[in-house]
Amino acid sequence: MAESRAADRLLELRGLLEDLVEQGFLSRQDANRIVGTPRTAEQAQLHPLSYIASCELGNRKQPGSSLNSETLSAWLAECSDHTLYHIDPLKINVSAVTEVMSFQFAKRHQILCVEAGVEELLVATAQPFTHGWEEQLEHTSGRRVRRVVADPADIKRHCVEFYSLSNSISGASGLKGTSAANNFEQLLELGTLKDPEANDQHIVNIVDWLLQHAFDQRASDIHIEPRREVGRIRFRIDGVLHLIHELPDQVNAAVTSRLKILGRMNVAEKRKPQDGRIKTKRPDGSEVELRLSTLPTAFGEKLVMRIFDPEVLARSYSDLGLGGGDLARWRAMLSRPNGIVLVTGPTGSGKTTTLYTGLKQLATSAVNVSTVEDPIEMVEESFNQTQVHHSIGFDFAAGIRTLMRQDPDIIMVGEIRDLETAQMAVQAALTGHLVISTLHTNDAPTAVTRLLDLGLPHYLLKSTILGVMAQRLVRTLCPACKREDQIEEADWHSLVRPWRAPLPDKIYQPEGCLECRNTGYRGRQGIYEILPFSESVQAIITPDCDLQQLRRQAMREGMNSLRLSGARKVAAGLTTVSEVLRVAPPSDIAF
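Here the structure is a predicted model, which is why all the values come from computation and not from measurement.

The positions UniProt marks with the feature "domain: Bacterial type II secretion system protein E" (unreviewed entry) are residues 404-418. Summarising residues 404-418: 0% helix, 27% strand, and an end-to-end C-alpha distance of 19 Å.

Pasting the structure below:
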């Protein structure tokens, strides 16, 4: 042990700079300038590698790039004969790794356990030439230690986050009450409006971490799901759910209560669904809105939070992935003075974002744009937004009926769900208003049969509907790591059937890097299927409309199916064949 400690060597700024100069990464002039520049007290606390990265120096081995933390960490790993490890908080079992060692031990040795197996611990270090802690850790844990090198800044940040979260969960687990029922009884006894457990500082810390972590990971939804003995937290990122953490059942119930308090919901009512909203800020100061929805389940209340980014309202059509002939058709439909424009697709397909983007461009000072929503998704000052309240009989149909007396030019209806709402939308269109709404169907032509099934006469469809746009969201390839590949002819034809679209020379496949958390994808774009109601399309709409005939006619007039729209994004190197096949329905139509 003593010999091991004697061999330990901490990294120092001068030594690191000297090595970087000798190996050609840094000029002598830059190294001397860094050494000669006095450091503030805050800078002196930084790991020397993190301090060098903060200086934003040029990398002489790769002109045009800088010596950032990633480059320097990779260099340190190579010099010390270690594997470089990128810490991904989504893939780390926080409760397991924080049980291995104390926070003070981890902080003192600048290490962090990132994987805790039955026989082995994977430990990330920022000091690869110190070994004194290994023997002690192996002795106390009863497991062998395997070392890797990680970014010192990541180790420091995640060490604080992981142990803070673990301590909060541990402290919250000791609170009185082990179930939602006990919490409810305690509320009644105290006669207060707030659950005392939900306002415990430990619970406040857990909720703060949860929201901050969701913002950092670009999550669109947060799921808090009760189970028999634990509660699961999952994030939806780029359309895919990831398990983030598991909480003890009583902590999970208290976290749910805390969020219900923030969302101004009835904390005592756990038997029926509720809706709420939270408005908060990111660390950079930008505002974020969250929509809350609770649902009673077998093991307690399930809570889902949808995160609405206000920057969505500032996005252009190109950001959404809408361009070319599809964009021209969409703009032509929205430019009409009266009629109905429908956007269809399943939940989470981006319909609301498309509607808000279109309305934002239409909402000039010369027109009155009014909406009826359930609930209001994002608050926008240029619209007159109204939320329906079913409990008092104010539904979509009543909202449209009221808006008709408010001198509107453009009316946005959140969703057409029933015949009465459809009839009021038609009435608004016939009286000279442009109505934009959503509908839940698989593709654009199916919207016609859906409205007929609701009971809307075919002649009213022909005289009011301007067009229908169906859409889906596909994950886009990470631009930092996507790689070229050759496409299989069979895969391409399964995507573009029944069209004979030419086979692209090359496509791209996901690889995975730090920027995309090794998923190969970063962000999402829409694929679209737009059906304008031309005279020939209107002629096919009858009480017993032939859907296949309608599709064929629309395609003859230039409508692209969702899969063909996706195929064009594959050919442009934006996404993959498997991603399009995952979200887009088939288009097997014989011409």
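Next, the rest of the story.
Once that is clear, we can look at the nonpolar core. For soluble globular proteins, nonpolar side chains are generally found buried alongside one another. Met101, Leu210, Ile222, Phe235, Val255, Leu259 and Met305 are the most contacted members of the largest nonpolar core, which has 59 residues in total. Here the element with the most residues in this core is helix α12 (residues 201-216); it accounts for 8 residues. When near neighbours in sequence (up to four residues on either side) are disregarded, Leu259 contacts Val207, Leu210, Ile224, Ile278, Leu292, Leu303 and Met305. The next biggest cluster of nonpolar side chains, apart from the first, holds 57 residues, and it includes Met424, Ile527, Met555 and Ala584.

Taken together, 7 strands build an open sheet; the order of strands is β12-β11-β13-β14-β10-β15-β18 and the sheet is mixed. Looking along the sheet, the strands with just one partner apiece sit at the ends: β12 (384-387) and β18 (521-532). Mean inter-strand twist for the sheet, computed between neighbouring axes without regard to direction, equals 20°. Direction of pairing for strand β10 (residues 339-344) relative to strand β14 (residues 434-439): parallel, over a ladder of 6 bridges. From the neighbouring strand, Gly339 faces β14, where its bridge partner is Leu434. Docked against the sheet, helix α15 (residues 324-334) engages β10, β14, β15 (465-477) and β18, running at close to 60° with respect to β18.

What follows is about the packing of aromatic side chains. In this description, an aromatic ring pair is defined by two values, namely the gap between the centres and the angle between the planes. Inspection of every chain in the model, using the stated rule, returns 3 aromatic pairs. When the centroid spacing of 6.4 Å and the interplanar angle of 65° are considered together, the rings of Phe25 and Trp75 count as edge-to-face. Pair noted here: Phe25 is in the loop between α2 (13-22) and α3 (28-36) and Trp75 is in helix α6 (residues 69-79), with a separation of 50 residues, a long-range link. The buried category is assigned to Phe25, whose relative accessible area is 12%. On the basis of an interplanar angle of 50° and a centroid distance of 5.9 Å, the ring pair of Tyr356 and Phe383 is categorised as tilted. In this pair, Tyr356 is assigned in helix α16 (residues 351-362) and Phe383 in the loop between β11 (369-373) and β12, connecting sequence segments 27 residues apart. A relative accessible area of 1% places Tyr356 in the buried class. The ring of Phe129 has Arg9 lying over it, and the distance from NZ or CZ to the ring centre is 4.3 Å. Cation over ring: Arg475 sits above Tyr521, and NZ or CZ is 4.1 Å from the ring centre.

Among the 6 residues in β10, 6 count as buried, and that is most of the element. Two strands pair when backbone bridges link them, and β10 and β15 are joined in this way by 5 bridges, in the parallel orientation. Bridged to Val343 within β15 is Met469.

Definitions and limits used
Residues numbered from 1 in each chain as written. Predicted model: local features only at pLDDT ≥ 70, side-chain atom pairs only at ≥ 80, totals over all residues. Heavy atoms only, no water. UniProt positions renumbered as here; feature names shortened; annotations may be inferred. Helix = DSSP H or I, 4+ residues; strand = E, 2+ residues; numbered from the N terminus. Core = buried A, V, L, I, M, F, W, Y, C linked by side-chain atoms within 4.5 Å. Buried < 20%, exposed > 50% of the residue type's maximum accessible area, 1.4 Å probe, protein only. Contact = heavy atoms within 4.5 Å. Pairing = 2+ DSSP bridges. Axes fitted to C-alpha atoms, helices over the stretch in contact; angles between N-to-C directions. Phe/Tyr/Trp six-rings, centres within 6.5 Å; stacked < 30°, edge-to-face > 60°. Lys NZ or Arg CZ within 6 Å of the ring centre and 35° of its normal.

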